[in-house]
Amino acid sequence: MKKDAVAYLNTRKKGDFAAQKAEVEDYCKYRFEIVGIFHDHRANATPPEKRKAFAEMLDHCAANNCPDIIIYDLADLARDMDVGLETLKNLNDRSYIVYCVNNDFL
């Protein structure tokens, strides 16, 4: 049985959303049911916690008991690697499990 998960995408170029969404769907094909896709555009310099779609995703996860979060890759989560790692730590501390589709290092 597939587990429910949400996807968070942060894209830089127009065509990136469709390409990343397709890769996320392929990654999740056998393991996860995507119940929501949250998308910010050109927000790399803004810390994830201050982005509109990221906050909406966390609200959705909390309201629907959905601990699994799929991201495209860590570089798209935050431009500053320290900020990205801090965000992952904060999500982990809140009992969320983050999966990276591209260049999964976990």
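Quantities reported herein were computed from a predicted structural model and do not represent experimental measurements. (Residues numbered from 1 in each chain as written. Predicted model: local features only at pLDDT ≥ 70, side-chain atom pairs only at ≥ 80, totals over all residues. Heavy atoms only, no water.)

1. Quick look at the overall build of the protein
Line of reasoning, step 1. Within the protein one finds four helices and four strands.
Line of reasoning, step 2. Secondary structure elements of the protein, listed N to C terminal, follow the sequence β-α-β-α-β-α-α-β.
Line of reasoning, step 3. Here the C-alpha radius of gyration of the protein, 13 Å, is about what a compact globule of 106 residues would show, namely 13 Å.
Line of reasoning, step 4. Split into buried and exposed, the 106 residues of the protein put 41% on the buried side. (Helix = DSSP H or I, 4+ residues; strand = E, 2+ residues; numbered from the N terminus. Rg over C-alpha atoms; globule rule 2.2 N^0.38 Å. Buried < 20%, exposed > 50% of the residue type's maximum accessible area, 1.4 Å probe, protein only.)

2. Quick notes on the side chain of Gln 20
Line of reasoning, step 1. Its location among the elements puts Gln 20 in helix H1 (residues 16–28).
Line of reasoning, step 2. Not counting chain neighbours up to four residues away, the residues in contact with Gln 20 comprise Leu 9, Asn 10, Thr 11, Tyr 72 and Asp 76. (Contact = heavy atoms within 4.5 Å.)

3. Re helix H4 (residues 81–93)
Line of reasoning, step 1. The terminal C-alpha atoms of H4 lie 18 Å apart, and with 13 residues this matches the ideal 18 Å at 1.5 Å per residue to within 8%.
Line of reasoning, step 2. Among the residues making up H4, those that are buried are Gly 84, Thr 87, Leu 88 and Leu 91. The buried residues of H4 all sit within an arc of 100° when viewed along its axis, so they share a single face. What points out from H4, more than 90 degrees from its buried face, is the exposed set Asp 82 and Asp 93.
Line of reasoning, step 3. Two to three positions downstream of the cap, the backbone nitrogen of Asp 82 sits 2.9 Å from a side-chain oxygen, assigning the N-cap of H4 to Asp 80.
Line of reasoning, step 4. Ser 95, located one to two residues past H4, shows a positive phi value of around 70°. (Expected span 1.5 Å × (residues − 1). Arc of directions from axis to C-beta. Polar contact = N/O pair within 3.5 Å; in protein donor to acceptor, adjacent residues only side chain to side chain.)

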